[in-house]
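# Fold and contact review
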Amino acid sequence: MTIGSGTLLVLLSVYGSLRAHNGNLTVRAACKPGFSEETYTAFISQNVLQGEKLLKVKFSSCSSTNGVEYETNNLNFKVGTDGTVFAAQDMQLTSRQIAFMVTAWDYQAMERWDAIIRLLVGEKISPHSIHKQKGKKITSLEIMQPPNDMLLPWPQHQNSNGLRRQKRDWVIPPINVPENSRGPFPQQLVRDGHPREWNWVRNLCGPTKEIGADYLHWPLIPKSHKTRNILIRSDKDNDIPIRYSITGVGADQPPMEVFNIDSMSGRMYVTRPMDREERASYHLRAHAVDMNGNKVENPIDLYIYVIDMNDNRPEFINQVYNGSVDEGSKPGTYVMTVTANDADDSTTANGMVRYRIVTQTPQSPSQNMFTINSETGDIVTVAAGLDREKVQQYTVIVQATDMEGNLNYGLSNTATAIITVTDVNDNPPEFTTSTYSGEVPENRVEVVVANLTVMDRDQPHSPNWNAVYRIISGDPSGHFSIRTDPVTNEGMVTVVKAVDYEMNRAFMLTVMVSNQAPLASGIQMSFQSTAGVTISVMDINEAPYFPSNHKLIRLEEGVPMGTVLTTFSAVDPDRFMQQAVRYSKLSDPANWLNINATNGQITTAAVLDRESVYIKNNVYEATFLAADNGIPPASGTGTLQIYLIDINDNAPELLPKEAQVCEKPNLNVINITAADADIDPNIGPYVFELPFMPSAVRKNWTITRLNGDYAQLSLRIMYLEAGMYDVPIIVTDSGNPPLSNMSIIKVKVCPCDENGDCTTIGAVAAAGLGTGAIIAILICIIILLTMVLLFVVWMKRREKERHTKQLLIDPEDDVRDNILKYDEEGGGEEDQDYDLSQLQQPETMDHVLNKAPGVRRVDERPVGAEPQYPIRPVVPHPGDIGDFINEGLRAADNDPTAPPYDSLLVFDYEGSGSTAGSVSSLNSSSSGDQDYDYLNDWGPRFKKLADMYGGGDED
């Protein structure tokens, strides 16, 4: 069976058995495993759908085909288990022939067989295409055309007297339906009536020469081009009624009922306009059944292709395309590609798009600066003269037309191509003037002394525009550098190394400018790329300096005062200024030196001592100042270092100063050494010896030398009474001349235990105290503790009596308001954090309620009901205040518990109200009519009050 989108022909050979049914010839052959053909050939169309059956190969294993599996060496095709070759995916074939191999594997016998598949694309069937295949018989072919418009897809059967053909399925040519038909619908399907395309092919068995005369044979006779209606009929409809139906996409599958068939006549119809861009082909199957629904014929495959019409314009992928090309590019330089797609069939003229340039703006320097490849859409330059400095951008209108660019019949569309001319470094930078000038103060760095301006016509702020400056002559010592301002592109001549007016009064620089990017090929540097820069140096007052800073001198310590040490002079670098230099001390920690203000001569002001605390590592440092009289004055500092050589001017000191030994010898000894403030060679080895006087020293003690720095002091006698002893020892150093010193070491002699350690009793005894003295000390300690305890008890009792004592005043005479004492002044009106209850009710009144009636202190709260006092005048007489103060003074003087110094009486209770009038006149500074000098007569306690109110106008 052959299935295809065009007229498909399969040539099959009869393998194994070939019979003629007229009884004249019978041929039999032995069974041989393998394919029935070495090569299978089939005709297919250019468009192949996935799953479309192409041909069927036949394989015989002479036993069973259950163990045979097929495979191909082309991934676009597959072979089913029954040998059917079908397409693995949708394909659009461009070549005229496809060949690949099919392999059959017999895994039981472990054998393989190969056959070649040859597919011919787009060819028509012709008797001349049938040729003899190697190793096989030629089958008979008849080219027939059914009468009228009837399509007989199923084979016809002859009577029993004639040759009977093997039943074969027909190969139905594809049906072409134009899209966008206007109807009316439903519209019967028609086919092209050209005989070379629509003749039917029947595959017969047996040689041609043995075909009986009863077989009809229609030769290939050209006919006129015409169309015929599509009619599906079976030759069995003459015997029994048959119903026809179609299935597949477009019939009983979505989209539904695009095609239908007259079940009785077999005529096929299309029900609505077709759109190739929606669906390009349909695969249907035609079925023939009897009135009971029984199948009378095998299903027939029908392929319907929608014929494309030019109903879609080309559409550009982008409406605006952006491209770029370097200025100065040669003709033929690629710029960009524009692309337009046409939804129509690209294999026909309907979908073949061609491009052309419609307009170019601006048309400078030529109206045809660009051209476009009509098929690919590539835009390239066609003329020279692209210059960004003249034209920075071109706008090109591109037109795409289908029908292979035919403007009369094709559909068109346009898009815009914007071509930017990119900059190349074809303009060297040029100085705006040939000379520049500037000035700089000497000894200054990081100062911009001149600005160099350039002109560059390339694109600003790009490597082709950015300037790079170099000094090519005039600065051998590297005093200057040129930095580029990134905004203005100017060159800033900057001092990077200080210049000296006394060395160079002016500089003549030659500078050169270039770009970051190299110049384009063929572009030469301009003569204006170099310039001269004149820089003048300004003289300023420079500070004097000490040529030998830090200056070091060496001398022995102990030189007398007034000794000239050295001349520490400074140099003024201003050779062209007449200036004087004056010297002074800046730092002299020990105040040992003097300097001559005119010539810088250093003399000693005191004796230099190496052992002083101001000496570090035998070196004494002093700093001096040298200042000129310039405008403004300038000064410099210098450091003088004096290395002091040691002399033997310090006697050694004995160490340690105190020690202890046992009262019996040979138990322990005292190790002694010496300390000397001098250094080597004026220190050890030391000589330790006992003096001859007093004689008891050498009698009781002895010194044994250990080495040059250490010796041992020990008892000379067998027993020495415990106690403290002062032992003098003479220590002599090794200086030249040597110095000696007699030092006293306090030695405590005490009884020791068996380990050689002093016992506790022995330590006390060694201190010179006997048993009676120790007991007396303990008794004194006990007595002292007892006296301290009694004193504490007495103080507590006195404090209690002081609180319970009353002032000698009658309670009835107490007519003043009581005053409460506050421990702090507070913050004025804003200080509201206080307890008002303290003003109304003191915490306790027990010490007042328990007092006997009579006189009482004025700082106590009245007992019982408050007396009612007569109303005082608004301004009380000063005499009343004086009487009150006198009474309080007298009570305080007679109170034995009052402290013997001026104090402030504390009044705990203010009372619920006051009958007194205002006392503001007491502290009013504006009254002026009060005389408080009499307060001085009241004693020393009121002296401060008299000073406050009776001092007059001293302030």
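Here the structure is shown first, and the text comes after it.
The following refers to the structure shown. Not measured: the values here are computed from a predicted model. All residue numbers here refer to positions counted from 1 along the written sequence of the relevant chain. Restriction of local features to residues with pLDDT of at least 70 applies here, the model being predicted, together with a cutoff of 80 or more for giving and counting side-chain atom pairs; totals for whole chains, interfaces and linings are based on all residues. Neither water nor hydrogens contribute to the side-chain values; these are computed over all heavy atoms in the structure.

Turning our eyes to something else, we now look at the pattern of salt bridges. The term salt bridge refers to a pairing of a side-chain nitrogen on Lys or Arg with a carboxyl oxygen on Asp or Glu at a separation within 4 Å. Tallied over the entire structure, the rule returns 14 salt bridges. Where Arg233 meets Asp237, a salt bridge forms, and the shortest distance between an N and an O atom there is 1.9 Å. Each member of the pair Arg233 and Asp237 is classed as buried. Counted as one network, the salt bridges with shared partners bring together Arg276, Glu277 and Asp308. Only protein chains enter the accessibility calculation, which uses a 1.4 Å probe; a residue whose area is less than 20% of its type maximum is buried, one above 50% is exposed, and one in between is partly exposed.

In this structure, Pro362 follows Thr361 across a cis peptide bond, with omega equal to -5°. Put simply, DSSP H or I for four residues or longer makes a helix, DSSP E for two residues or longer makes a strand, and each gets a number counted from the N terminus. As for its placement among the helices and strands, Pro362 is situated in the loop between strand 29 (354–361) and strand 30 (370–372). Here the amide bond leading from Asp680 into Pro681 is cis, since omega sits at 15°, within 30 degrees of zero. Its location among the elements puts Pro681 in the loop between strand 52 (670–675) and strand 53 (687–689). Of note in the backbone geometry, Asn591 takes a positive phi value of approximately 55° without being a glycine. Tracing the backbone shows Asn591 in the loop between strand 45 (581–587) and strand 46 (593–595). According to the relative accessible area criterion, Asn591 is partly exposed, its value standing at 48%. In this model, Asn617 sits at a positive phi of 55°, which is unusual for a non-glycine residue. With respect to the helices and strands, Asn617 occurs in the loop between strand 47 (601–604) and strand 48 (619–628).

A word on the pairing of strand 13 (residues 111–121). Note on pairing: two strands pair once DSSP finds at least 2 bridges between them. As paired elements, strand 4 (residues 39–44) and strand 13 share six bridges and run parallel to each other. Paired with Phe43 across the strands is Leu120, a residue of strand 13. Where strand 12 (residues 97–106) lies against strand 13, ten bridges are found, and the strand directions are antiparallel. Following the sheet pairing, Ile98 is matched in strand 13 by Leu119.

The next subject is the environment of Ile645. With respect to the helices and strands, the residue Ile645 is situated in strand 49 (residues 635–645). For the pair Ile645 and Arg554, spaced 91 residues apart in the sequence, the C-alpha separation amounts to 7.1 Å. Contacts between residues were defined by any pair of non-hydrogen atoms, one from each residue, lying within 4.5 Å. Those residues in contact with Ile645 that lie beyond four places of it in its chain are Leu555, Glu556 and Glu557.

Attention now moves to a nonpolar patch on the surface. Side chains of Leu784, Val788, Phe791, Val792, Trp794 and Met795 sit close together on the surface and give an oily, nonpolar patch of about 580 Å² of accessible area. You can see Trp794 is positioned in helix 4 (residues 771–804). What makes Trp794 partly exposed here is its relative accessible area of 45%. Patch building starts from residues that exceed 30% relative accessible area and form no salt bridge, then joins like charges within 9 Å and nonpolar side chains (Val, Leu, Ile, Met, Phe, Trp, Tyr) within 5 Å. The accessible surface values rely on the Shrake-Rupley method and a 1.4 Å probe; as for residues, cover is taken only from the protein chains in view.

Another aspect to go through is the pairing of strand 52. Where strand 50 (residues 653–655) lies against strand 52, three bridges are found, and the strand directions are antiparallel. Within strand 52, the residue paired with Leu654 across the bridge is Ala674. Inspection of the sheet shows strand 52 paired to strand 55 (residues 711–715) by three bridges, in the antiparallel sense. The residue bridging Asn671 from the neighbouring strand is Gln712, located in strand 55.

Pairing of aromatic rings covers Phe, Tyr and Trp, the last counted by its six-membered ring, and requires centre-to-centre distances within 6.5 Å; plane angles under 30 degrees mean stacked, over 60 mean edge-to-face, and any other angle means tilted. With the rule as written, the count across this model stands at 17 aromatic pairs. A centroid spacing of 4.7 Å and a plane angle of 10° characterise the contact between Phe77 and Phe100, whose relative ring orientation is stacked. Of this pair, Phe77 sits in strand 9 (residues 77–79) while Phe100 sits in strand 12, and the two are 23 residues apart along the sequence. For Phe77, a relative accessible area of 3% corresponds to the buried category. Given the relative accessible area of 5%, Phe100 is considered buried. Aromatic pair Trp592 and Tyr620: ring centres 4.7 Å apart, planes at 35°, arrangement tilted. With Trp592 in the loop between strand 45 and strand 46 and Tyr620 in strand 48, this residue pair connects regions lying 28 residues apart in the sequence. The pair Trp592 / Tyr620 is uniform in exposure class, with both members buried. One aromatic cluster is present, formed by Phe35, Phe59, Tyr70 and Trp113 through successive ring pairs.

With that settled, consider the sheet that holds strand 29. Ordered by their spatial adjacency, four strands build an open sheet running 26-33-32-29, and the pairing between neighbours is mixed. Each of the sheet's edge strands pairs with one partner strand only, and the pair in question is strand 26 (320–326) and strand 29. On average, each strand axis in the sheet is inclined to that of its neighbour by 30°, with strand direction left out of account. Bridging between strand 32 (residues 393–401) and strand 33 (residues 412–422) involves nine bridges; their strand directions are antiparallel. Its bridge partner lying in strand 33, Gln399 is registered against Thr414. Structural elements are reduced to axes, namely lines fitted to C-alpha atoms, with helices fitted over the stretch in contact, and the angle between N-to-C directions of any two is expressed from 0 to 180 degrees.

Taken in spatial order, the three strands make up an open sheet running 16-22-21, and their pairing is antiparallel. Since the sheet does not close on itself, it has two edges, and those belong to strand 16 (187–188) and strand 21 (259–261), each with one partner. Examined bridge by bridge, strand 16 and strand 22 (residues 268–270) share two bridges and lie antiparallel to one another. Bridge pairing in strand 22 places Gln187 opposite Val270.

Now for the state of the cysteines. Disulfide: a covalent bond connecting the sulfur atoms of a pair of cysteines. Cysteine sulfur pairs qualify as disulfides if the two atoms are within 2.5 Å. Taken as a whole and assessed by the stated rule, the structure comprises two disulfides. A disulfide bridge connects Cys662 with Cys752, and the sulfur atoms are separated by 1.8 Å. Negative torsions about the S-S bond denote left-handed disulfides, and the value of about -105° found for Cys662 with Cys752 makes this one left-handed. With Cys662 in strand 51 (residues 658–662) and Cys752 in the loop between strand 57 (740–750) and helix 3 (760–766), this pair connects stretches of sequence that are 90 residues apart. Overall, the relative accessible area of 22% leaves Cys752 in the partly exposed class.

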